[in-house]
Amino acid sequence: MSSSVRSVSHEFIRAARLLRRRPLFSGLSVALFALGIGTIATIFAVVNVAMLRPLPYPKPESLVFGTSTEPTGPGSTIDMLLGYVQFARWRTDNTTFAALEGVTPVTMKFLGQGSPEPVTGALVSAGLFDVLGWKPENGRIFTRAEEVPRPGVVVISHGLWQRRFGRDPLIVGKVISIDEEPREIIGVMPAAFPMVFQAADAWMPLPLGPQQQALKARLIRAVGRLQPGVTVEQARSDLARINKALGIERPDEYRLTGAKVLPLREFIFGQQRPTLLALLAAGFVLLAVATINVTSLSFADAIGRQVATMTRIAFGAERRHIIRLRLFEFGVIATAGLIIGLLLAGMSLRALFSAAPDALAGLGDASISWRVVSVAAVVAGFVGLVAGLPAAWHEAGFTMRGLAGSVAKSIGGRNERRRREGLLITQVGLAVVLLVGAALLARNVRALLGQPMGFHTEGVSVVELTFSPSTYPTAAARVQHARRLLEAVKAVPGVSAAATIQTRFVLNETMQTLFEIEGRPTPSASQRFVNIRHVTPEVAQVLGIRLLQGRMFAESDRIDSPPVAIVSTKFAAAYLAGENVIGSRIRRVVTQEAPWMEVVGLVEDVKDAGAGVDLGPQLFVSYFQQNTASARPTIVVRSAVAATSLFPELRRAIWSVDGNQTIDSISPLDQLVLRSAAQPRLAALVAVLLASSAMILVLSGIYSVTVYGVLRRTREIGLRIALGARPMELLWILVRESVIPTVLGVACGVAACVPAVYWMRPLLAQGMSRQDVPTLAGALASIVVASMIAALIPARRALAVPPSVAMRDAG
């Protein structure tokens, strides 16, 4: 065994020494390997976390996420969170779950030393931690008896314990202030506890008593563990059965409610899967181009060292020795490329997560793990074999013929030319697919960010707040607090207008409500849902929302005045077509006592849930007339000065009104809009980088193919020059061998783009259009022009060699 190891080590050392004598070939080959392997390792590291690595819970395959659905029209539904009574019935009446628990994300106000700190938290039912299979590091978790309003207990994260309490070993039992209410810390979760579907620093019991079950609010997400042998579809049918029974009891709320059950992994990473698969496929395309390039280089290298190879044959080396040595050389190249590629992948991952943290949310622990290293090693070995074996076999073959004198007569056979042309056509076609994909993804980002959003972002700052339910428990108290905040903010120098709106401008985040229209009963087969926003009067002035009919809200629209509402153009088109919009009356289906509201205004659609998100119909109500504790106000501020320069003054103004007011975040609105398009921007960026790398590889491939052709035709070139052939004619003969396959490769790549674009549809807001034709035509033409330049370099160099030297070297 030891002798075999020594023999292999000796062969590797020998191959490395031979490669050192050919630095151009070995260096370029290692670089190509490293680029391809590094690309695959980087993308696979993210794919591994999202799609392959088990979730950090015991038996994660049995964990599911549950939500309800509501029909919005023929064949269309929307996902809805669960109501309190609905979740309670799901938990007690199901027959397919070992356990089913609930979670509601909240923002809590933590009061300690210094300024109040907003803490991301969650209200959870007592058994959630048991379902996930984790226990506290210190203390205990909740009991069913504590699932009541204001239970006075809290479980905190290891991070919060370390950050705010200095890892106090006596922390359990201490009382802290959260939302200005005393809470006893009963437990600390371990540092490794992974709440991957809802990051949190503090957990409080989710109240599920009769008082909550009487509410119509839908705020709960369900997380459950299936019983052994139960499928996701069986669980969905079970919950649908419960919904049907609940719909008979409470038809106004649940008559048409369905159930949706997803594996927990799909809920967490499902939206990222199409992007990751597309990037992984693009990475393998780039790897294929690199492999083809190395193969072409190896053929050219074999021609360049044919004298040394024939010498070995003359001294008794057999065909298998030639092949073995060549494969060991590629083993050295693959190993070096693997090491450098993994280093590049590690740096690329850090760069990606630094540049696009929002797009890679939930994937922050992606790293070069043992699985990534194993896959990269297998890919490197396979690519090394694919790239090295054909050239090794070819090299052994032509050297045997060379001993018989046929090399001196060879000017490049038809089969060899076809092979070179086939390799070139393939890599050009693959590069074209990457180029078109990158162009479409980049255009998609431009289209997303260029869509009219119904508001202006320039000069607007967004201040996210959370009102304490204990300090401001009633609608009137929240109105008074909001007025005082807005007055203080408007007094800041440079501020021209300020208002509140119930949105955080976060991707896909919205709040919906059921409603009905006076005199127009809701169709029996669907529910009427609308995106609702509680706003203050100056919101149109701050955001530049266009009023089309009627009026905006006024200061006179108060709690004690007749309720009014404003609707969007899509609301009017969907529900008030053929009627006078102004003067119509609508009512939220929240309670039987919900007031009728008169529509006083019509505005353009406001797409405040992220770039590219079409919210559909919208309903605006005055925050000064009606609001709820769950309607988190966001202050929007228009200023004539740079937004970031205002941030310290805005904080001081808000804390001058309430020193304990938490400020969740302050951001320029244009940055929030850009952040909402983070995933498509990241996909476009990576695709552009891959396409650029493919272009570099194609040009190096064309160069190597031309070099190979020149080497094979050295005698022919010398003979033609000696017989008086014109240099331009010879130049065209040499360049043509690369340009014609390039043109054919472009044509094949364009044909391959049809299924590729079809496969990319989930990533694109729209397919190819006429506006893309000039851009793509220019890009494809650039490949042809660049290929001619890459082919001209070695061709002109070959023509500069005197005929006597060329014929002597060929002989």
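The model shown is predicted, which means the values in this text are computed figures rather than measured ones.

Draft legend 1. Structural detail: the overall build of the protein. Scanning the protein from terminus to terminus reveals 24 helices and 23 strands. Accessible surface, the protein as shown: approximately 35,200 Å² in total, 61% of it carbon and sulfur.

Draft legend 2. Seen up close, the nonpolar core. One finds Leu 132, Phe 142 and Trp 203 to be the most contacted residues of the largest nonpolar core, which totals 107 residues. Broken down by element, this core gets its largest block of residues, 14 residues, from helix α2 (residues 23-52). Trp 203 has contacts with Ala 122, Val 124, Phe 129, Phe 142, Val 154, Val 155, Ile 156, Ser 157, Met 189, Phe 193 and Met 195, leaving out every residue within four places of it along the chain. Core analysis: the second largest hydrophobic core is formed by 33 residues, Val 64, Val 188, Leu 206 and Ile 220 among them.

Draft legend 3. Focus on the side chain of Thr 500. Residue position: Thr 500 is located in strand β14 (residues 495-501). For Thr 500, the contacting residues outside a window of four places in its chain are Leu 486, His 534, Val 535, Thr 536, Val 539, Tyr 623, Pro 633, Thr 634 and Ile 635.

Draft legend 4. Spotlight on helix α18 (residues 643-657). In this model, α18 (15 residues) spans 21 Å end to end at C-alpha, consistent with the 21 Å of a helix rising 1.5 Å per residue. By the largest-angle criterion, Glu 649 marks the main kink of α18, which is about 30°. Of the surrounding secondary structure, the elements contacted by the buried residues of α18 are β13 (460-466), α15 (475-490), β14, β22 (634-639) and β23 (662-668).

Draft legend 5. Summary view of the pairing of strand β15 (residues 512-517). Across three bridges, β15 lies against strand β16 (residues 529-535) in antiparallel orientation. From the neighbouring strand, Gln 512 faces β16, where its bridge partner is Asn 531. In the sheet, β15 pairs with strand β19 (residues 585-588) via three bridges, with the strands oriented antiparallel. The partner of Phe 515 across the bridge, within β19, is Arg 588.

Draft legend 6. Here's a closer look at α2. The sharpest bend along α2 comes to roughly 25°, located at Val 46. With 22 of 30 residues buried, α2 is to be regarded as a mostly interior element.

Draft legend 7. How the structure looks around the packing of helix α3 (residues 84-93) against helix α7 (residues 232-249). One can describe the packing of α3 onto α7 by two numbers: an axis separation of 10 Å at closest approach and a directional angle of 130°. With respect to each other, α3 and α7 are oriented oblique. The chirality of how α3 crosses α7 is right-handed. Mapping the contact onto sequence places Val 85, Gln 86, Arg 89, Trp 90 and Asp 93 in α3 and Leu 239, Arg 241, Ile 242, Asn 243, Leu 246 and Glu 249 in α7. Here the contact of α3 with α7 is built from residues that sort into five nonpolar, two polar and four charged.

Draft legend 8. Fine view of the environment of Glu 516. Looking at the element boundaries, Glu 516 is found in strand β15. The exposure class assigned to Glu 516 is partly exposed, which follows from its relative accessible area of 23%. Considering only alpha carbons, one finds Glu 516 and Arg 588, 72 residues apart in sequence, at a separation of 6.5 Å. Here Arg 587 takes part through its side chain, which lies 2.3 Å from a polar atom of the side chain of Glu 516.

Draft legend 9. Quick peek at a nonpolar patch on the surface. Among the surface-exposed residues, Ile 339, Ile 340, Leu 343, Leu 344 and Met 347 lie close enough to one another that they form a single nonpolar patch of about 450 Å² accessible area. Looking at the element boundaries, Ile 340 is found in helix α12 (residues 319-355).

Draft legend 10. Summary view of the side chain of Arg 533. Within the element layout of this structure, Arg 533 appears in strand β16. For Arg 533, a relative accessible area of 1% corresponds to the buried category. Those residues in contact with Arg 533 that lie beyond four places of it in its chain are Ile 501, Gln 502, Thr 503, Glu 509, Thr 510, Met 511, Asp 608, Leu 615, Leu 619, Phe 620 and Val 621.

Draft legend 11. Geometry of the packing of α15 against α18. It is at 9 Å that the axes of α15 and α18 come closest, and there the two elements cross at 140°. When the axes of α15 and α18 are compared, the crossing they make is right-handed. Between α15 and α18, the contacting residues are His 481, Arg 484, Leu 485, Ala 488 and Val 489 on the first element and Leu 650, Ala 653, Ile 654, Ser 656 and Val 657 on the second.

Draft legend 12. Geometry of the packing of aromatic side chains. Counted according to the given criterion, the structure contains 11 aromatic pairs. Arranged with centres 5.7 Å apart and planes meeting at 70°, the rings of Phe 193 and Trp 203 form a pair that is edge-to-face. Here Phe 193, found in the loop between β9 (181-188) and β10 (202-205), pairs with Trp 203, found in strand β10; they are 10 residues apart in sequence, far enough to count as distant. There is no split in this pair, since Phe 193 and Trp 203 are both buried. Measuring from centroid to centroid gives 5.2 Å for Phe 571 and Tyr 575, while their planes differ by 65°, and the two rings are edge-to-face. Here Phe 571 and its partner Tyr 575 are both found in helix α17 (residues 569-575), four residues apart, which amounts to about one turn of the helix. Residue Phe 571 shares its accessibility class with Tyr 575, and that shared class is buried. Cluster of aromatic residues (ring-pair linked, three or more members): Phe 129, Trp 134, Phe 142, Phe 193 and Trp 203.

Draft legend 13. Representation of the pattern of salt bridges. Considering all chains together, one arrives at 22 salt bridges under this definition. Among the ionic pairs, Asp 201 bridges to Arg 163, the shortest N-O distance being 3.4 Å. Here the residue Asp 201 occupies a position in the loop between β9 and β10, and Arg 163 occupies one in helix α5 (residues 158-165), the gap between them amounting to 38 residues. You can call Arg 163 partly exposed: its relative accessible area is 44%. Salt-bridge contacts for Asp 238 lead to Arg 241; the nearest nitrogen and oxygen are separated by 2.5 Å.

Draft legend 14. Here's a closer look at the confidence of the model for the protein. The predicted model of the protein averages 81 in pLDDT, with 83% of residues at 70 or higher. Element-level pLDDT for the protein is lowest in helix α24 (residues 803-810), with a mean of 52, against a maximum mean of 95 in strand β18 (residues 564-568). Note that pLDDT drops below 50 for residues 399-412; the model gives that stretch 20 contacts with residues more than four away or on any other chain.

Draft legend 15. Fine view of unusual backbone geometry. Although it is not a glycine, Lys 59 sits at a positive phi angle of roughly 45°. With respect to the helices, strands and loops of the structure, Lys 59 is situated in the loop between α2 and β1 (63-73). Unlike most non-glycine residues, Phe 505 shows phi in positive territory, near 55°. Secondary-structure assignment places Phe 505 in the loop between β14 and β15.

Draft legend 16. The environment of Arg 150, seen in detail. Tracing the backbone shows Arg 150 in the loop between β6 (138-139) and β7 (153-156). For the pair formed by Arg 150 and Glu 181, sequence separation is 31 residues and the distance between their alpha carbons is 8.5 Å.

Definitions and cut-offs
- Residues numbered from 1 in each chain as written.
- Predicted model: local features only at pLDDT ≥ 70, side-chain atom pairs only at ≥ 80, totals over all residues.
- Heavy atoms only, no water.
- Helix = DSSP H or I, 4+ residues; strand = E, 2+ residues; numbered from the N terminus.
- Areas by Shrake-Rupley, 256 points an atom, 1.4 Å probe, with all protein chains shown as cover.
- Core = buried A, V, L, I, M, F, W, Y, C linked by side-chain atoms within 4.5 Å.
- Buried < 20%, exposed > 50% of the residue type's maximum accessible area, 1.4 Å probe, protein only.
- Contact = heavy atoms within 4.5 Å.
- Expected span 1.5 Å × (residues − 1).
- Bend = angle between axes of the 7 residues up to and from the residue.
- Pairing = 2+ DSSP bridges.
- Axes fitted to C-alpha atoms, helices over the stretch in contact; angles between N-to-C directions.
- Parallel < 35°, antiparallel > 145°, perpendicular 65-115°, else oblique.
- Left-handed = near helix turned anticlockwise from the far one by under 90°.
- Nonpolar A, V, L, I, M, F, W, Y, C, P; charged D, E, K, R; others polar.
- Polar contact = N/O pair within 3.5 Å; in protein donor to acceptor, adjacent residues only side chain to side chain.
- Patch = residues over 30% accessible without salt bridge, like charges linked within 9 Å, V, L, I, M, F, W, Y side chains within 5 Å.
- Salt bridge = Lys/Arg side-chain N within 4 Å of Asp/Glu carboxyl O.
- Phe/Tyr/Trp six-rings, centres within 6.5 Å; stacked < 30°, edge-to-face > 60°.
- pLDDT = per-residue confidence, 0-100.

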